[in-house]
Amino acid sequence: DHEPIFAAGAMLQVTNAFSVLSLLDTIEREGLDVMSAGVALAWATEAFEKGIVTTGETLVPLKFGEVKAYQEAVHHLGAASNDFYRLLGQGTLKAAEHYGGADFACVLGQEMAGYATGEVFFVSQALGLRHSHLDAGGYSFDQKGKEPNVTEAVQFLVQDERARVLLTSMVSCLFARGVYGDQILSDCLRAVGYANLADGLSRVSEGVQSMRWRMRLRTGFDPRSVPIPKRFLEIETWKGRIDGAFLDALKNAYAGAILALAQDDRASEKDPTERT
């Protein structure tokens, strides 16, 4: 899979395929999330190189490309061997807030997935509920090569999320989204007796989208306060350097759209999933 290989490979400058697989195995056996662990160790390595932390914290001299050192560090991360690994295990930004180095923490809400396509994806993952492509295909919008347009990008993120919410609720693989459009989903539901649901797919997906954002805001999430570290402004894509002004404007606009979705009262209407 792309994301785990990115996190245990390119992110840590481990370029030998067998070494990547070995490190993936170590992380999995430790019971850690591969993407978060890889990005966290990349931050720890850079912090070590910059002198922000020493072996007093890392317990092992971290160096990009050194698989053995990373395997040992993974065990420390899983065991929370000291205060440094205990904080790092709570998230890269948690450790960076304590030791410094937040500017180069590759965190977009949570540790980044292996997509560095541009502003729309960065905002999509930073503010989204999940990661990479699961909420919205921000990376695909970046790849279209359109001129920066905040309104158009926000509209895409909201509408694409709504469609993916429906497929996820139907327990469908998102890679099948090109096949299972609204009409096919409606026909399938009608065939097994869910006529009301088949006739109200749009209302259902809007209601679920609203409920999930309301739930997240009730747990304390504030999309307006999510930072995007400066490291992401240093990235150069096929379109050129990241546009910081567009990134900030898009993040603010999408945060506003999320708050509006959470206030939507359509989810309180009569349950359209009732079987008839």
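Note that this is a predicted model, so its numbers are computed, not measured.

What counts and how
All residue numbers here refer to positions counted from 1 along the written sequence of the relevant chain. Where totals are concerned, whole chains, interfaces and linings use all residues; where local detail is concerned, this predicted model gives features only for residues with pLDDT of at least 70, and gives and counts side-chain atom pairs only at 80 or more. Values shown for side chains rest on all heavy atoms present in the structure; no hydrogens or waters enter the calculation. Nonpolar cores are built from buried Ala, Val, Leu, Ile, Met, Phe, Trp, Tyr and Cys residues. Side-chain atoms within 4.5 Å join them into one set. Residue exposure (1.4 Å probe, protein chains only): buried if accessible area is under 20% of the type maximum, exposed if over 50%, otherwise partly exposed. Each helix is a run of DSSP H or I of at least 4 residues and each strand a run of E of at least 2, with the numbering of both proceeding from the N terminus. Any Lys or Arg side-chain nitrogen found within 4 Å of a carboxyl oxygen on Asp or Glu counts as a salt bridge. Working rule for contacts: check all heavy atoms of both residues, and any pair within 4.5 Å makes them a contact. The axes used here are C-alpha line fits, helices contributing only the stretch in contact, and every angle between their N-to-C directions lies in the interval 0 to 180 degrees. Each angle is binned into one of four classes, with values under 35 degrees roughly parallel, values over 145 roughly antiparallel, values of 65 to 115 roughly perpendicular, and all other values oblique. Note on convention: near helix rotated counterclockwise from far helix by under a right angle means a left-handed crossing. Clockwise means right-handed. Classification convention: Asp, Glu, Lys, Arg as charged; Ala, Val, Leu, Ile, Met, Phe, Trp, Tyr, Cys, Pro as nonpolar; all other residues, Gly among them, as polar. Per-residue confidence from the predictor is given as pLDDT, running between 0 and 100.

Counting 74 residues, the largest nonpolar core has W43, Y70, L88, L108, F122, F232 and Y254 as its most contacted members. If one sorts the elements of this core by residue count, helix 3 (residues 34-49) sits on top with ten residues. Residues L174, L185, L189 and V204 belong to the second largest nonpolar core, which totals nine residues.

In this structure the tally under the stated criterion is twelve salt bridges. The partner of R212 in a salt bridge is D135, with the nearest N and O atoms 3.1 Å apart. Remark: D135 occurs in the loop between helix 8 (119-127) and helix 9 (138-143) and R212 occurs in helix 13 (residues 201-218); sequence separation between them is 77 residues. Of the two residues examined, R212 and D135, each falls in the buried class.

Time to look at the environment of A257. By the element assignment, A257 lies in helix 14 (residues 244-262). Overall, the relative accessible area of 18% leaves A257 in the buried class. The sequence separation of A257 and E30 amounts to 227 residues, and the corresponding C-alpha distance is 39 Å. Apart from residues lying up to four places away in sequence, A257 is in contact with V154 and V158.

Attention shifts here to the packing of helix 8 against helix 14. Relative orientation of the contacting elements helix 8 and helix 14 amounts to 40°, with a least axis distance of 10 Å. Compared by their axis directions, helix 8 and helix 14 come out oblique. Crossing of helix 8 over helix 14 shows right-handed handedness. Along the contact surface, helix 8 presents E119, V120, F122, V123 and L127, while helix 14 presents F246, L247, L250, K251, Y254, A255 and I258. Residue composition of the contact of helix 8 with helix 14, by class: ten nonpolar, no polar and two charged.

Put simply, the protein has an average pLDDT of 92, and 95% of its residues get 70 or more. Low pLDDT, under 50, characterises residues 266-276; the stretch is placed with 20 contacts to residues that sit more than four places away or in other chains.

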